[in-house]
Amino acid sequence: LLIFLSGHGTLYSIQGLNRCNVVVRCMNDHLFKDRIVYALSCSTSSILGRSAKTKGCKCYIGYTGEIIFPFHGYPESEVFNDYLSNPFMNASNEVILSLIKGKSPEESFKNSQKIFEQSIAYWEQQVRKGAYEITRSLKSIKNMQVMITQ
C-alpha cells in the first residue's frame, strides 16, 4: 500500500491544512506499518521517517531539511508554468509518478535522483536569470532527498 503526503513538515511531524499535525512521531506513525510512504515535506526523514521505520514502515522517501526553491510567486493555478520552480516539481513528482506506475521504491527514488541530476546539468549551462539559484536549490534538495528502508 502506498501513502503520499504533501504538506509542511518538521523533524517530528507532517502537517496539513493550517499546519495541523497529520502524522506525529510516536503518536500515530505506526500507521505507516507495511506501507511505502513518500512525504513531500521538509525535514520529516530525519526523525519521523526513521521512527516509522522502527514501527515496520517498508520504505519512507522524504527530505532531511528545508525544501527551498526559487519561484515567481504565480497564483497556484499557474505554478506549473513557472520555469523557476518546474525543475524541482518535475524531479520531486517523479517519485510518486513512478510508484503509481508500479515501479519499486528504489527505482522510483533513482528516477527522481536522475531527473535532479539532468536538471542540474542543464541549469549549470544556462546564463539566464535565476539559473544560479535554481542550480543551487536543485543540488541542495537532491542531497536532502533520502530513502529509508528496512
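Structure: see above.
Quick caveat: nothing in here was measured; it's all calculated off a predicted structure.

**Q** Would you mind going over the overall build of the chain with me for this structure?
**A** Each helix and strand in the chain was counted, giving 4 helices and 6 strands. If you list the helices and strands of the chain from N to C, you get β-β-β-β-α-β-α-α-α-β. Taking 2.2 N^0.38 as the reference for a compact globule, 150 residues should give roughly 15 Å; the C-alpha atoms of the chain span a radius of gyration of 15 Å, in line with that estimate. Across its three principal axes, the chain shows a C-alpha extent of roughly 45 × 35 × 25 Å. Relative to all contacts within the chain whose residues are 6 or more apart in sequence, the contacts with residues 24 or more apart total 59%. Each charge class in the chain was averaged separately, 17 positive and 12 negative side chains, and the resulting centres sit 6 Å apart.

**Q** Whenever I open this one, the packing of aromatic side chains confuses me. Can you help?
**A** Where two aromatic rings form a pair, the distance of their centres and the angle of their planes describe that pair. Per the stated rule, a full pass over the model turns up 4 aromatic pairs. Residues phenylalanine 4 and tyrosine 38 carry aromatic rings whose centres are separated by 5.5 Å and whose planes lie at 20 degrees to one another, so their mutual orientation is stacked. Taken together, the positions of phenylalanine 4 in strand E1 (residues 2-6) and tyrosine 38 in strand E4 (residues 36-40) put the pair 34 residues apart, joining distant regions of the chain. For tyrosine 38, a relative accessible area of 0% corresponds to the buried category. Ring centres of tyrosine 122 and tryptophan 123 lie 5.3 Å apart, and the angle between their planes is 90 degrees; on these two criteria the pair is classed as edge-to-face. Residue classification places tyrosine 122 among the partly exposed positions, given a relative accessible area of 42%. Accessibility expressed as a relative area gives 6% for tryptophan 123, which makes it buried.

Scoring rules and cut-offs
- Residues numbered from 1 in each chain as written.
- Predicted model: local features only at pLDDT ≥ 70, side-chain atom pairs only at ≥ 80, totals over all residues.
- Heavy atoms only, no water.
- Helix = DSSP H or I, 4+ residues; strand = E, 2+ residues; numbered from the N terminus.
- Rg over C-alpha atoms; globule rule 2.2 N^0.38 Å.
- Contact = heavy atoms within 4.5 Å.
- Lys, Arg positive; Asp, Glu negative; His and termini not counted.
- Charge placed at Lys NZ, Arg CZ, Asp CG, Glu CD.
- Phe/Tyr/Trp six-rings, centres within 6.5 Å; stacked < 30°, edge-to-face > 60°.
- Buried < 20%, exposed > 50% of the residue type's maximum accessible area, 1.4 Å probe, protein only.

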